Amino acid sequence: MSTTDQVREDVTIRFAGDSGDGMQLTGSLFTNTTALLGNDLRTLPEFPAEIRAPQGTVPGVSSFQLQFGSREILTPGDECDALVVMNSAALKANLSLLKKGGIIIANSAGFDKKNLNLAKYPEGVNPLEDDSLSDYELIKIDVNQMVKEALLEMNLSYKDQDRSKNMFVLGLLYWMYNRPMDSTINFLNKKFGKKPEIAEANIKVLKAGYYFGETAEIFSSRIIVKQAELKPGTYRNITGNEALVLGLVAAARKSNLPMFLGTYPITPASDVLHGLAKYKKFGITTFQAEDEIAACTSAIGASFGGSIGVTSSSGPGVALKGEAIGLAVMLELPLVVLNIQRAGPSTGMPTKTEQADLMQAVYGRNGESPLLIVAPKSPADCFEMAFEAVRISLEHMTPVIFLSDGYIANGSEPWKFPQSKDLKDIKIEFEGPRHQEDEPFMPYARDERLVRKWAIPGTAGIEHRVGGLEKEDVTGNVSYDPDNHQKMTNIRRDKRDNVANNIPLQDIDQGTEKGDILVLGWGGTYGSIKTVVHQLRKDGMDISHAHLRYINPFPRNLEKLMKGFKHIIVPEINDGQLVRLIRSEFLIHAQPINKVKGRPFGVKELKQAILDLVGEAVA
Amino acid sequence: MSVETLIDNFVKEHEADLTALPDYSSKDFASDQDVRWCPGCGDYTILKQVQNAMPVLGIAKKDIVFISGIGCSSRFPYYMDTFGMHSIHGRAPAIATGLKTSRPDLTVWIITGDGDALSIGANHFTQLLRRNVNVNLLLFNNEIYGLTKGQYSPASPSGIVTKSSPFGSIDHPFNPLALSLGADGTFVARAMDRDPKHLKEMILRSHRHQGTSMLEIYQNCIVFNDGAFELFTDKKSRPQESIYLEQGQPLVFGKENDKGVRLNGLMPEVVELNDTITKDDLWVHDEQDSTKAHLLSRFFEHPSNGDGVKFPRPFGVLYAVDRPNYDKEVVAQVQHAKETQGEADLDALLSGGETWEVK
């Protein structure tokens, strides 16, 4: 039987297995190879919070989904065309995500009695052997046996053999989707440089998978996905947290300041620490503190000394930092607070995404405590918004909260990375020394934007004290004067509002400046909303999309822009937070679409929700 | 080319100022703010002695930073004409760690109290000692919460009757020196507000130590816990009840220097000096001996107290050893990376390893 080539515009694949099966690595390697081929793509890694949840069980299943295509790809796909399952639990957990008629590649060794029991299939039932999967194209392969045979001459331990079985599946998929193996081979040689026999084994198994596809004649066609028509330029693939780290490093270099990250490990923000810890040569110090509070306060201490103070965390950690962030508001020092949001409240679902910390960011401190908020819209956008967070924090001497989420932090996409010369310079001037005959230094004197000077220790003649007690205007001395408190409260608010003059105006991402419906999103929902609005516009609907990346303060033209539409729809992965801000700030009847399932919006579900809302509005 | 930030340049530029160090007097270190502690508070003496000690350090005012948490003592930075930060409750050690690690050129002092350091900030306090950041910590211990008007503190003795413990506190107190030694502190010392000369000496010793210097200062709260340390600090009872430690000297105390502490194995005992027991038989103080430091820190609750023997309360440096400083190590790592890892090429970083071209 000869295979034919079938050209497809987009493909969604999901790798699923036990958390020890290496599915995240398999998915990432497939992603990198696919990116290098020039496809557009989006990924969705999904894994349990436990490092090794009980083996073989449904809670222990780890998955990695990606959609890639020759068209613009903005979501990881609602349903998959192909599902790889390494064991029974992986099938059980993921079958509902597979299209009717889709391909299942199942490792039959993961469907023995023990695995079926662990996955809680009824006694005697094996889905690979009954007709329950007749709606799909089922390909059963005993991967364990294949690996054993491929490595027959290598005399490896059972454990090392077993660990390489993900490479078999990867090789097979490379064959199915016409991808070259060289990027993965390079990776394996590099990763196992010190253990060449392990590298060799993995490469052997990878190739075995590939050649199995070629010779086994189980596929009637190979799938071709051509290069996407992206904007011309040089691209790399990047995850949100990686882009965030690069944005911070770039901002540190462009301001020529040292950066100090004070942090405490927490999912899904720890990769920011791992990333920055590698870049010491760029003048970056990372401090793994004893807790979230020390993480934030150490960053404030560094900022007092003239470094860019950064602290990273997720919602529960940001809750602990609240008092310290308030201190930074009072001290009027730069501080960048990174919140990679996850599902809450409390510990919630650490590895699942959510956008429910917006109100926490806006209001989650004691007293009137205004600060700035930015939110990246996609993995690659984390670069620009991290850069922006540092820039406006330094330029306005105020804390900035950067609201990413687990979905874009771990997800990846192609990134047309900038040249350093094209990045804005961030100009910083410390207050200079003063002599006895000079006017005394006033720590809380301000410029026309209400920004005070950064006056760092080591500068003669400007010795001064700051603190969390209310400041007297101009002098910064402790003050309990009623009128002064009113004045300072107003100043801190106005200072925040003035930042609106230093951020871009809100644009319409897609659609018209005025019209019937405006979908207003923020943060990680960008890809889903953009895809849905594109489809609805194609269907003839008068609908537009605007996406907020600067939330506090809002862009100056936001109100005017919204008033050009009859209906405002605000989809969010929370129970309605931006929508409440919009309503209370502008008295506009914005309507929410909400989902809190720890997953991003699917295209179909979001489209339907919008249609339902519009239907109601018309009725 | 390795990265030189604005701060690197700044520090280099301002290093020159050191050579032209003014001839400071203690008054130069007093700020223009009115001191707002209660009349008779022990804090006044400590402030005075810190201001007296400062001109001796040989450090420019611009390079000195006082960081405090919350509580009566934490108002301290406002009264010093140096850089200062009155921060939030318990967090001064963490703020100081961030500042000192990013700016090792500065001389950083932490001002804290028993509530601030041993309760809400006990985590940061112990972690600071463990890391041995090169800062000086002055722990004003008055065994009470003053600013919140008189609740028992984690250093208050069990049984103390306060507003929050009308039937007597059932909390077992921390022993700040034992806690510091347990946290692997490299400099652990005690002074008292009522002996300004010794206090100043201890402040200077704290400054000279490379690493975290933990100086506990017995400080009388005249309003909520008056006389808590009177036994040790009152001129009449002090000779019998207190002992001043001096490196290489035997542990002698008493009005007529007629008593001493002897070691019987690992058990200390109080002895009367006479013809048969002389100074040569006594325990000789060794700041670098951690076992002895632990014994000294436990003098007020030693098991042998059970038979009625009272040990004198030790003042002075219990323990002082050298260990690498966290801040210096961090800076060295960054410097090493700058020197050995090649050029800090932002464009190479942005492009990463694998890229592709779209035409």
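What counts and what doesn't
Residues numbered from 1 in each chain as written. Chains lettered and ligands numbered in written order. Predicted model: local features only at pLDDT ≥ 70, side-chain atom pairs only at ≥ 80, totals over all residues. Helix = DSSP H or I, 4+ residues; strand = E, 2+ residues; numbered from the N terminus. Buried ≥ 20, exposed ≤ 12 C-beta atoms within 10 Å, placed from the backbone. Contact = placed C-beta atoms within 7 Å. pLDDT = per-residue confidence, 0-100. Nonpolar A, V, L, I, M, F, W, Y, C, P; charged D, E, K, R; others polar. Domains from an automatic or database assignment. Pairing = 2+ DSSP bridges. Axes fitted to C-alpha atoms, helices over the stretch in contact; angles between N-to-C directions. Arc of directions from axis to C-beta. Core = buried A, V, L, I, M, F, W, Y, C linked by C-beta atoms within 7 Å. Parallel < 35°, antiparallel > 145°, perpendicular 65-115°, else oblique. Right-handed = clockwise from strand over helix to strand, strands pointing away. Left-handed = near helix turned anticlockwise from the far one by under 90°.

Digging into the overall build of chain B
Scanning chain B from terminus to terminus reveals 12 helices and 12 strands. Structurally, chain B occupies a C-alpha span of about 95 × 45 × 45 Å along its principal axes. Counting all 359 residues of chain B, 48% fall into the buried class. The contacts in chain B between residues at least 6 apart in sequence include a share of 66% that link residues at least 24 apart.

Focus on helix α5 (residues 122-131) of chain B
Summarising burial for α5(B): 7 of the 10 residues are buried, a large majority. Among the residues of α5(B), those classed as buried are H124(B), F125(B), T126(B), Q127(B), L128(B), L129(B) and R131(B). Looking at the buried residues of α5(B), the elements they touch are α11 (292-304) of chain A together with α3 (92-102), α4 (114-120), α6 (176-182), β6 (213-218) and α11 (326-340) of chain B. One or two steps after α5(B), the chain reaches N132(B), where phi turns positive at roughly 60°.

Some points on the confidence of the model for chain B
Scored by pLDDT, chain B has a mean of 94; 96% of the residues are at 70 or more. The low-confidence segment residues 302-306 of chain B, where pLDDT is below 50, has 7 contacts with residues more than four positions distant or belonging to other chains.

Here we look at the interface of chain B and chain A
Taken together, the 59 residues of chain B in the interface contact 63 residues of chain A. The element that contributes the greatest number of residues to the side of chain B that touches chain A is α3(B), accounting for 8 residues. When its residues are assigned to classes, the side of chain B that touches chain A shows 26 nonpolar, 20 polar and 13 charged.

With respect to the domain arrangement of chain A
All names here are of chain A. In terms of domain boundaries, chain A breaks down into domain 1 (4-224), domain 2 (236-422), domain 3 (429-503) and domain 4 (515-618). Taking only C-alpha atoms, the centre of domain 3 and the centre of domain 4 are 39 Å apart. Here the side of domain 3 that touches domain 4 is composed, by residue class, of 3 nonpolar, no polar and 2 charged.

With respect to the sheet that holds strand β3 (residues 107-113) of chain B
With respect to topology, 9 strands assemble into an open sheet ordered β17(A)-β2(B)-β1(B)-β3(B)-β4(B)-β6(B)-β5(B)-β11(B)-β7(B), the strand pairing being mixed. Single-partner strands in this sheet number two, and they are β17 (465-467) of chain A together with β7 (242-244) of chain B. Across the sheet, the axes of successive neighbouring strands diverge by a mean angle of 20°, strand direction being ignored. Bridging between β3(B) and strand β4 (residues 136-141) of chain B involves 5 bridges; their strand directions are parallel. Opposite I111(B), over in β4(B), you have L138(B) as the bridge partner. Strands in contact with α3(B) are β1 (64-68), β2 (83-86) and β3 of chain B; relative to β3(B), the strand with the most contacts, it is inclined by about 175°.

Some remarks on the environment of E332(A)
Residue and element names in this part refer to chain A. If you trace the backbone, E332 turns up in the loop between α12 (315-331) and β13 (335-341). When the C-alpha atoms of E332 and V451 are compared, they prove to be 8.3 Å apart, with 119 residues separating the residues in sequence. Apart from residues lying up to four places away in sequence, E332 is in contact with M397, T398 and R452.

Comments concerning helix α10 (residues 270-277) of chain A
Helical periodicity: at 3.6 residues per turn, an α-helix aligns residues three or four positions apart in one direction. Residue and element names in this part refer to chain A. Every buried residue belonging to α10 is among V272, L273, G275 and L276, and all of these are buried. Buried residues in α10, looked at end-on, bunch into an arc of 165°, giving them a common side. Buried residues in α10 make contact with α9 (240-255), β10 (259-263), β11 (284-288), β12 (308-313) and β13.

Considering the pairing of strand β6 (residues 98-107) of chain A
All names here are of chain A. When strand β5 (residues 80-85) meets β6, the two strands line up parallel, connected through 5 bridges. Across the sheet, the residue bridging to A82 is I103, located in β6. Strand direction decides the pairing type here: β6 and strand β7 (residues 137-141), joined by 5 bridges, are parallel. Bridging across to β7, A106 finds its partner in K140.

Structural notes on unusual backbone geometry
Along the chain, T267(A) connects to P268(A) via a cis peptide bond; the corresponding omega equals -5°. Tracing the backbone shows P268(A) in the loop between β10 and α10. The phi dihedral of M397(A) is positive, around 45°, even though this residue is not glycine. With respect to the secondary-structure elements, M397(A) resides in the loop between α14 (381-396) and β15 (399-405). In this model, D184(B) sits at a positive phi of 65°, which is unusual for a non-glycine residue.

Some details on the nonpolar core
All names here are of chain A. Ranked by internal contacts, the top residues of the largest apolar core, which has 194 residues, are L248, A386 and F402. Shared between two domains, this core takes at least three residues from each, and those domains are domain 2 (236-422) and domain 4 (515-618). With 54 residues, the next largest nonpolar core counts A35, L83, A150 and V169 among its residues.

Things to note about the environment of A155(B)
All names here are of chain B. Secondary-structure assignment places A155 in the loop between β4 and α6. Between the alpha carbons of A155 and G58 there is a distance of 35 Å; along the sequence they are 97 residues apart. Ignoring any residue separated from it by four or fewer positions in sequence, one finds A155 in contact with D114, L118, N141, E143, P173, F174 and P176.

What to know about the sheet that holds strand β16 (residues 412-416) of chain A
Strand order in the open sheet made by the 3 strands is β16(A)-β9(A)-β12(B), with antiparallel pairing throughout. Strand pairing shows two members of the sheet lacking a second neighbour, β16 of chain A together with β12 (356-358) of chain B, which therefore form its edges. On average, each strand axis in the sheet is inclined to that of its neighbour by 40°, with strand direction left out of account. Examined bridge by bridge, strand β9 (residues 233-239) of chain A and β12(B) share 3 bridges and lie antiparallel to one another. Across the sheet, residue G233(A) finds its bridge partner in β12(B), namely V358(B). Sitting on the sheet, helix α1 (residues 23-36) of chain A is in contact with β9 and β16 of chain A together with β12 of chain B, with an inclination near 170° to β9(A). α9(A) rests against β9 and β16 of chain A of the sheet, and its axis sits at about 115° to β9(A).

What about the packing of helix α4 (residues 143-150) of chain A against helix α6 (residues 165-176) of chain A?
Residue and element names in this part refer to chain A. Orientation of α4 relative to α6, taken along the N-to-C sense of each, is 100°, at an axis distance of 9 Å. On the basis of the axis angle, α4 is roughly perpendicular to α6. Residues V143, N144, M146 and V147 of α4 lie in contact with α6, whose contacting residues are K165, F168 and V169. Grouping the amino acids of the contact of α4 with α6 by side-chain chemistry returns 5 nonpolar, 1 polar and 1 charged.

Describing the pairing of strand β21 (residues 565-572) of chain A
Moving residue by residue along a regular strand, the side chains alternate between the two faces of the sheet. All names here are of chain A. The buried count for β21 comes to 6 of 8 residues, which makes it a mostly enclosed element. Sheet analysis places strand β18 (residues 515-522) next to β21, joined by 4 bridges and oriented parallel. Bridging across to β21, L518 finds its partner in I568. Sheet topology note: the β21/strand β22 (residues 590-594) ladder contains 5 bridges and is parallel. Bridging across to β22, I569 finds its partner in Q591. Handedness of the β-α-β unit built from β21, helix α19 (residues 578-586) and β22 comes out right-handed.

Some points on the packing of α9(A) against α10(A)
Residues and elements named next belong to chain A. One way to put it is that α9 packs onto α10 with a least axis distance of 9 Å and a crossing angle of 45°. Considering their axes alone, α9 and α10 lie oblique with respect to each other. Between α9 and α10 the crossing geometry is right-handed. Note on element contacts: α10 touches α9 through D271, V272, G275 and L276, opposite N241, E242, L244, V245 and L248. Of the residues assigned to the contact of α9 with α10, the class counts are 5 nonpolar, 2 polar and 2 charged.

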